[in-house]
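Given next are the chains, with one letter for each unit.
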Amino acid sequence: MAPQLATLAEEPGGGEEAARARRKTGLHAALHRWARARIPLRFLSGGGGGGGVGGGGGGGRPSPDLRVLLSVLACPLSPVPVLPRHPRNVASSAQYILEQFRATTGCAKIEGAAKSMYAAGRVRMAMAPEPGGGIGIGGGGGGGHEGCFVVWQLVPDMWLVEMAVAGHAVAAGCDGRVAWRRTPWLDAHAARGGGARPLRRALQGLDPVTIASVFSAAEHVGEKAVDGEDCFALRLDVAPSVLSAWGDGAAEVIRHGMTGYFSQRSGLLARLDDSQLTRIQTPGAPAMYWETTVSSRLGDYRAADGAVVAHAGTSVAHLARFGADVGAARAVTRMEEAWTIDDVAFNVAGLCPAAPPAATTAAAALSPRRSDVTDRMFF
């Protein structure tokens, strides 16, 4: 039976004793030992090392821009879960495309043999009101927020990610039953609809076995050129019955889908797109619609412990708001992210299911206040 989730606090600070206890044992302890040894001090809270990666940030709250960036790009979930393994049937074109991907990335070498995965990398995020302002890591893209992240994963559906950007940290995890997230401005809360879903960041070329599993139910919907590379397009759409379970008080998810573009030449995943449309209506206010689209380009594929993994990529997200009080035109916010993977390994010694990411402080529901619903719309 799943553990009873605690009621969500309006402000961060609830469950501090439980959080400290979790960090002293198991997966959290291993993560924080790594963080203290490897993460540059300028990424940690306050810019001077005063606080851990999971501690909720520095002396002040993040700016509104950084808050939106972390909400949308830091740790979103895949719209569909990891599917059970079945005998593979290559009768359809979609399955043929996935078999090519599996062969290219070495899935056969790690599937069933790799019980865990670890990755660490750097990230830069920025608001980009005008298209074309690249923000590549180490490049001359101008302003932005630098940070780093670490991902731990236990096969098949337990994982933990922590990211520190500009002195503020977010964390998310899944214990195999429920996914949760904690931010500096909102205490720990469970993902809408419950259940276990993989981290979208793992689908960005980081875990080929999870990518193949998630897309095993996809349909081949055509071909498209991505950065001059001819690609097959595989499409996944969340069923209406699942979307209805994601409803959260005033928020209703109308649609959510994801498309993967697999190179016809190499078989690798070249681009990952997903979009979500949410309707929000609070008592006494007109209905508002939020459409979130994220497009990730993946590259620098290299071998790691027998698998071929993407070591770099960029994401561009558009957050569009429209409704009665916005007028005819949409209010669109554009965000960009660039990341590089510095270290990735499979079958990490000492990482075992005995210490999964804890979800006991996650929240079962949020207050129906409009600001809270908007914050949680992205998770």
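Starting from 1, residues in each chain are numbered consecutively following that chain's sequence as written. The model is predicted, so local features are restricted to residues of pLDDT at least 70 and side-chain atom pairs to those at 80 or more, both for listing and for counting; the totals for chains, interfaces and linings are taken over all residues. Side-chain measures were taken over the full set of non-hydrogen atoms in the model, leaving aside hydrogen atoms and water.

Undergrad: Please clarify how the overall build of the protein chain should be interpreted in this entry.
TA: Helix numbering and strand numbering both begin at the N terminus, where a helix is a DSSP run of H or I of at least 4 residues and a strand a DSSP run of E of at least 2. Each helix and strand in the protein chain was counted, giving nine helices and 13 strands. Throughout, exposure labels follow a simple rule: accessible area from a 1.4 Å probe, protein chains only, divided by the maximum for the residue type, with under 20% read as buried, over 50% as exposed, and the rest as partly exposed. Counting over 379 residues, the protein chain shows a buried share of 53%. Any two residues whose heavy atoms approach within 4.5 Å at even a single point are treated as in contact. The long-range fraction of contacts in the protein chain, counting pairs at least 24 apart against all pairs at least 6 apart in sequence, stands at 67%. Exposure was quantified through the Shrake-Rupley algorithm and a 1.4 Å probe, taking into account, for residues, occlusion by the shown protein chains and nothing else. Element-wise, carbon and sulfur atoms account for 54% of the exposed surface of the protein chain, whose accessible area totals about 15,700 Å².

Undergrad: Whenever I open this one, the pattern of salt bridges confuses me. Can you help?
TA: Opposite charge on two side chains makes pairing possible when the charged atoms of those side chains draw close. Salt bridges, as used here, are contacts in which a Lys or Arg side-chain nitrogen is within 4 Å of a carboxyl oxygen on Asp or Glu. Enumeration over the complete set of coordinates arrives at 14 salt bridges. Ionic pairing is found between Asp274 and Arg200, a salt bridge with its closest N-O pair at 2.4 Å. With Asp274 in strand 10 (residues 269-280) and Arg200 in helix 6 (residues 200-203), this residue pair connects regions lying 74 residues apart in the sequence. Its relative accessible area of 12% is what places Asp274 among the buried residues. Arg200 sits in the buried class, given a relative accessible area of 2%. In the salt-bridge network here, residues are joined through shared partners; they are Glu99, Arg102 and Glu111.

Undergrad: I tried to follow the nonpolar core on my own but got confused; where do I start?
TA: Burial of nonpolar side chains together is a common tendency in soluble globular proteins. Only buried residues count toward a nonpolar core, which is a set of Ala, Val, Leu, Ile, Met, Phe, Trp, Tyr and Cys residues joined through side-chain atoms within 4.5 Å. Residues Leu70, Met163, Phe215 and Phe262 are the most contacted members of the largest nonpolar core, which totals 71 residues. Core analysis: the second largest hydrophobic core is formed by eight residues, Tyr118, Val150, Val348 and Leu351 among them.

Undergrad: Help me understand helix 4 (residues 93-105) in this model?
TA: Along an α-helix, residues three or four positions apart point the same way, because every turn accommodates 3.6 residues. For helix 4, with 13 residues, the first-to-last C-alpha span of 19 Å sits near the 18 Å given by 1.5 Å per residue. Residues of helix 4 that are buried include every one of Ala94, Gln95, Ile97, Leu98, Phe101, Arg102 and Thr105, and no others. For helix 4, the angular spread of the buried residues around the axis is 155°, confining them to a single face. Seen from the buried face of helix 4, the exposed residues on the opposite side, beyond 90 degrees, are Tyr96 and Ala103. Two residues or fewer after helix 4 comes Gly106, characterised by a positive phi angle close to 80°. By this rule the span expected of a helix is its residue count minus one, scaled by 1.5 Å. The arc in question is the one spanned by the directions pointing from the helix axis to the C-beta atoms.

Undergrad: For this particular structure, what's the right way to read the confidence of the model for the protein chain?
TA: If pLDDT is low for a region, its predicted coordinates should not be looked at in detail. Confidence of the prediction at every residue is given by pLDDT, a number between 0 and 100. Per-residue pLDDT for the protein chain has a mean of 77; in total, 69% of the residues score no lower than 70. The secondary-structure element of the protein chain with the lowest mean pLDDT is helix 1 (residues 16-23), recorded at 45, while strand 8 (residues 229-237) shows the highest, at 97. Confidence drops under a pLDDT of 50 for residues 1-20, and excluding neighbours within four residues, the segment shows 39 contacts in the predicted structure. Within the model, the stretch residues 355-374 combines pLDDT values under 50 with 62 contacts to residues more than four positions away or in other chains.

Undergrad: How do you make sense of the packing of aromatic side chains when you look at a structure like this?
TA: Between 30 and 60 degrees the pair is tilted, below 30 it is stacked and above 60 it is edge-to-face, where a pair is any two Phe, Tyr or Trp rings, Trp via its six-membered ring, whose centres lie within 6.5 Å. Summed over the entire model, instances satisfying the criterion amount to four aromatic pairs. With a centroid separation of 5.0 Å and 45° between ring planes, the pair formed by Tyr118 and Trp152 is classed as tilted. You can see Tyr118 sitting in strand 1 (residues 116-127) and its partner Trp152 sitting in strand 2 (residues 145-154), a full 34 residues away along the chain. Neither residue differs from the other here; Tyr118 and Trp152 are each classed as buried. For the ring pair Phe215 and Phe262, a centre distance of 5.6 Å and an interplane angle of 90° mean the geometry is edge-to-face. With Phe215 in the loop between helix 7 (208-214) and strand 7 (219-226) and Phe262 in strand 9 (residues 251-263), this pair connects stretches of sequence that are 47 residues apart. Residue Phe215 shares its accessibility class with Phe262, and that shared class is buried. Ring-pair connections join several aromatic residues into one group, and the members of that group are Phe101, Phe215 and Phe262. Criterion for a charge above a ring: Lys NZ or Arg CZ within 6 Å of the ring centre, and within 35 degrees of the ring normal. For the cation-ring pair, Arg201 lies above Phe149, with the distance from its terminal atom to the ring centre recorded as 4.9 Å.

Undergrad: I'm lost on the environment of Thr340 in this one. Help?
TA: Its location among the elements puts Thr340 in strand 13 (residues 327-346). Separated by 29 residues in the primary sequence, Thr340 and His311 have C-alpha atoms spaced 5.6 Å apart.

Undergrad: For this particular structure, what's the right way to read the pairing of strand 7?
TA: Regular strands show a simple pattern: their side chains alternate between the two faces of the sheet. Bridge analysis of strand 7 against strand 8 gives seven bridges, and the strand direction is antiparallel. Paired with Ala225 across the strands is Asp230, a residue of strand 8. For two strands to count as paired, DSSP must find a minimum of two bridges between them.

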